Amino acid sequence: MSNGTWFASDSLYVLLTLFPIIIYLVLTGFAIYFVIRVIKFMNEKIILDRERNEKIDELIKFNQGIKD
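Residues numbered from 1 in each chain as written. Predicted model: local features only at pLDDT ≥ 70, side-chain atom pairs only at ≥ 80, totals over all residues. Heavy atoms only, no water.

Engineer: Account for a negative patch on the surface, naming residues and giving values.
Structural biologist: Together, Glu51, Glu54, Asp57 and Glu58 make up a negatively charged patch on the protein surface. Counting through the fold element by element, Glu58 comes out in helix H1 (residues 8–67). When its relative accessible area of 56% is taken as the criterion, Glu58 is described as exposed. (Patch = residues over 30% accessible without salt bridge, like charges linked within 9 Å, V, L, I, M, F, W, Y side chains within 5 Å. Areas by Shrake-Rupley, 256 points an atom, 1.4 Å probe, with all protein chains shown as cover. Salt bridge = Lys/Arg side-chain N within 4 Å of Asp/Glu carboxyl O. Lys, Arg positive; Asp, Glu negative; His and termini not counted. Charge placed at Lys NZ, Arg CZ, Asp CG, Glu CD. Helix = DSSP H or I, 4+ residues; strand = E, 2+ residues; numbered from the N terminus. Buried < 20%, exposed > 50% of the residue type's maximum accessible area, 1.4 Å probe, protein only.)

Engineer: So what's going on with a nonpolar patch on the surface? Residues and values would help.
Structural biologist: A cluster of nonpolar residues, Phe30, Tyr33, Phe34, Val35, Val38, Ile39, Phe41 and Met42, forms a patch on the protein surface that exposes about 830 Å² of accessible area. Structurally, the position occupied by Ile39 is in helix H1.

Engineer: Could you give an account of the packing of aromatic side chains, with specific residues and numbers?
Structural biologist: The description of two aromatic rings rests on the distance between their centres and on the angle between their planes. Inspection of every chain in the model, using the stated rule, returns one aromatic pair. Ring geometry for Phe30 versus Phe34: centroids 6.4 Å apart, planes at 25°, classification stacked. One end of the pair is Phe30 and the other is Phe34, both in helix H1 and four residues apart, which spans about a single turn. (Phe/Tyr/Trp six-rings, centres within 6.5 Å; stacked < 30°, edge-to-face > 60°.)

Printed below as a string of structure tokens:
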């Protein structure tokens, strides 16, 4: 007779039922974190690349001035 109590087998069943949902949430959270980190990295890389290209342009102009 069941009077609404939880037995060990019932809690294990609930845990096994929630386990895929927990894994899905963890993987989704990791994916969102990863995408945000990649976007931040790419934005920083774009800024650094622009600065490097400006420095290269200055070196080219300076080098052409020496040749003349």
